[in-house]
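An overview of the molecular structure
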Amino acid sequence: MWLVSPFAFILALVFSLTATAQDYVPGEVIVKMKKGASSGQTQKFVGKMSLNSKMSLKRSWKRFNMHQFKLGAGQSVEQAVNDLLLDPDVEYAEPNYIFQKQSAGIEGHPMSYSETVEGLENNNEGFSGPTDFGQTEANISAEEAWQILSRLNERPVVAVIDSGVDYSHYVFDESGAIWVNEDEIPGNYIDDDGNGYVDDVRGWNFVSDSNDPMDDDNHGTHVAGIVLGMTQNILAPNLDPAVIQIMPLKFLDENGVGSTSDALAAINYALDNGANVLNNSWGGGYYSQALHDVITNGYNKGVSFIAAAGNAANNNDSSPVYPASYEVPNVVSIAATSSRDSLASFSNYGNNSVHVASPGISILSTLPGDSFGYSSGTSMAAPFAAGLAALMIREKGVINGYQVKGVLYDHSDPIGGLNGFVASRSRINALEAVGFVQNNDIDSYQPEYTGGAARSTASAGGAAGGCGMIAKVLKDRGGKGGGGNTPSGGKTLLFLALLFAPVILINILKIRKKNSIESRRKYPRYKMDSEVRINVGEKQLVGQMSSISLGGARIDTDALLEKGGIVTLNIASPEGDQQVQVEGRIVWSEEKKAYGVQFCDIRDEAVAAIGGWTKKLSKT
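Basis of the calculations
- Along each chain, the written sequence defines residue order, and numbers are assigned to residues from 1.
- In keeping with the predicted nature of the model, local features appear solely for residues at pLDDT of at least 70, side-chain atom pairs appear and are counted solely at 80 or more, and the whole-chain, interface and lining totals rest on all residues.
- In computing side-chain properties, one takes all heavy atoms of the structure into account and sets aside hydrogens as well as water.
- In this description a helix means any DSSP run of H or I spanning at least four residues, a strand means any run of E spanning at least two, and both kinds are numbered starting from the N terminus.
- Whether a residue is buried, partly exposed or exposed follows from its accessible area with a 1.4 Å probe, protein chains only, as a fraction of its type maximum: under 20%, in between, or over 50%, in that order.
- Contacts are assigned to residue pairs with any non-hydrogen atoms lying within 4.5 Å of each other.
- Only the protein chains shown count as cover for residues, with accessible areas throughout obtained via the Shrake-Rupley method and a probe of 1.4 Å.
- Strand pairing follows a simple DSSP-based rule, namely that at least 2 bridges must link the two strands.
- Axis geometry follows a simple rule: fit a line to the C-alpha atoms, using only the stretch in contact for helices, then measure angles between N-to-C directions, giving values from 0 to 180 degrees.
- Think of a salt bridge as a Lys or Arg side-chain nitrogen and an Asp or Glu carboxyl oxygen that are within 4 Å of each other.

1. As for the overall build of the chain
Within the chain, the regular secondary structure consists of 14 helices and 24 strands. Taking all 620 residues of the chain together, the buried fraction comes to 61%. The contacts of the chain with a sequence gap of at least 6 include a subset with a gap of at least 24, amounting to 73%. If you sum the accessible surface of the chain, you get close to 23,200 Å²; carbon and sulfur atoms cover 49% of it.

Right under this line is the structure:
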């Protein structure tokens, strides 16, 4: 349900992807143990963290051998992450990053049903139905798609991972749209289905850890109404039974802010309890390997993952937003369009990483308290695609998230104004997509995807070591969306300082364990003019290195590489008689206005060689 506001052109949507204070939850970290660790090793590790590091276990995801820890008094996240990376049992460690909703809030005041209908009838644009988008040029043909729906298929489940849903709203109640956990007996205070959640009859609240996912922010209810409104007329005087189900999962608080740990829990819940489509109208600017891993699990289960591209008028190809920019093949990143099929002025874009567009300006939908209202943002654009994905799955149950993404690419409306901004150059069209799925045989094929190698992490402050976590100055980027198996590309240049290690390998390990992140930052970088060969996928580029440390190298090249991309460097010694190979990630320093390569999992032989070179070099 939507309509264009006469004042939409003056709407100022600025979604800041950098939190005003911190970008992660203070005093918490997420840790994944290495593959093959037994339950006994895990228990021993947890005990060790409690005894030696004064950390307490808050939550575990056993299938991933992933754990959330609360730090002891006086411990910094930066220090804890770096210390954990030195533990031989740890695959990666990272902060508990913060995410935010991606909408501008409600425009005007919430309206009753009668006010809403009266306003639509009096609209001077000739509005005749909820799916005509104000009778302007952007008609996504949802109403026509409803007419061709088969009538007996099972109802797919769309998990609205958001600020909750007002499940008592008459639109959801009378249509029977809210998902019900039929394996749970309400009110008996027993986890009847053994899924770890007591009395989770209609989803879960991961903010308060309760079985009541009621919306206290408006955002989730508005999003859920768009999902449902994509499948039926939610302003009809007599509501039809819903052809889909809405699973309310609350991980954003009353301010529209949530954490990685709660997002992980919500996504896992959705996957474990039968959701077919996951709508994610939220995002942040930091790459989380933990979140990547969980989304990859959803891909392997065939789930469709719809994500808002963001509202900062930002190019996600060069400055990714997560989860929309994860390269997992079932992730569909959604841009927002206006009623005239132009890219919304606030919408993020990306010729490679943003996949398709849908309406996102002044969208009419449900609000808590049996009311309705308008809101704008890619938060509003994403649930149109989620609702359409659910209709496709309803018509052909074998279609998986990878194939849903392909249909959205190939069976949407080409829009000239989206060229260069959206990979498909298209805006969704429900009739085209549903008609294609109905009229063609679909198998369950999807390519293998493992999620790529784990990236170790480091400091949440300025300079950082390791690969994965970056702080306010150095934004860590995990690669393009789209479906490749490894992040690729980017611009290049970087520098980061880790601790200086001696040549003798046995002492390297001792000093690594001894030094904190603060002391690591004090170790110098060295001037080093040397040729470096950069391997990006199957391509090899040649650049010139201008400085080096044991944490990374600054490199100058005319090639354009994507920040966050994983590359392999072949670095020649100053004399040219020796060469080492190091894997690293392209990162950006806003302060220095420079790119560089942050080393990942540097081998001891390379550490020894670089340490020997620096003895003969001058400091930068």
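That shown, we press on.
2. Considering the sheet that holds strand 16 (residues 371–375)
Reading across the sheet, the 3 strands line up as 5-16-15 and stay open at both edges, with antiparallel pairing between neighbours. The open sheet is flanked by strand 5 (106–111) and strand 15 (363–367), the only strands paired with a single partner. Direction aside, the axes of adjacent strands within the sheet are offset by 25 degrees on average. When strand 5 meets strand 16, the two strands line up antiparallel, connected through 3 bridges. Paired with Glu107 across the bridge in strand 16 is Tyr374. Docked against the sheet, helix 6 (residues 219–229) engages strand 5, strand 15 and strand 16, running at close to 115 degrees with respect to strand 15.

3. A few points about the pattern of salt bridges
Scanning all chains against the criterion turns up 12 salt bridges. A salt bridge links Glu28 to Lys58; the nearest nitrogen and oxygen atoms lie 2.8 Å apart. Here the residue Glu28 occupies a position in strand 1 (residues 24–33), and Lys58 occupies one in strand 2 (residues 56–61), the gap between them amounting to 30 residues. You can call Glu28 buried: its relative accessible area is 8%. With a relative accessible area of 47%, Lys58 lands in the partly exposed category. Between Asp262 and Arg59 there is a salt bridge, with its nearest N and O atoms 3.1 Å apart.

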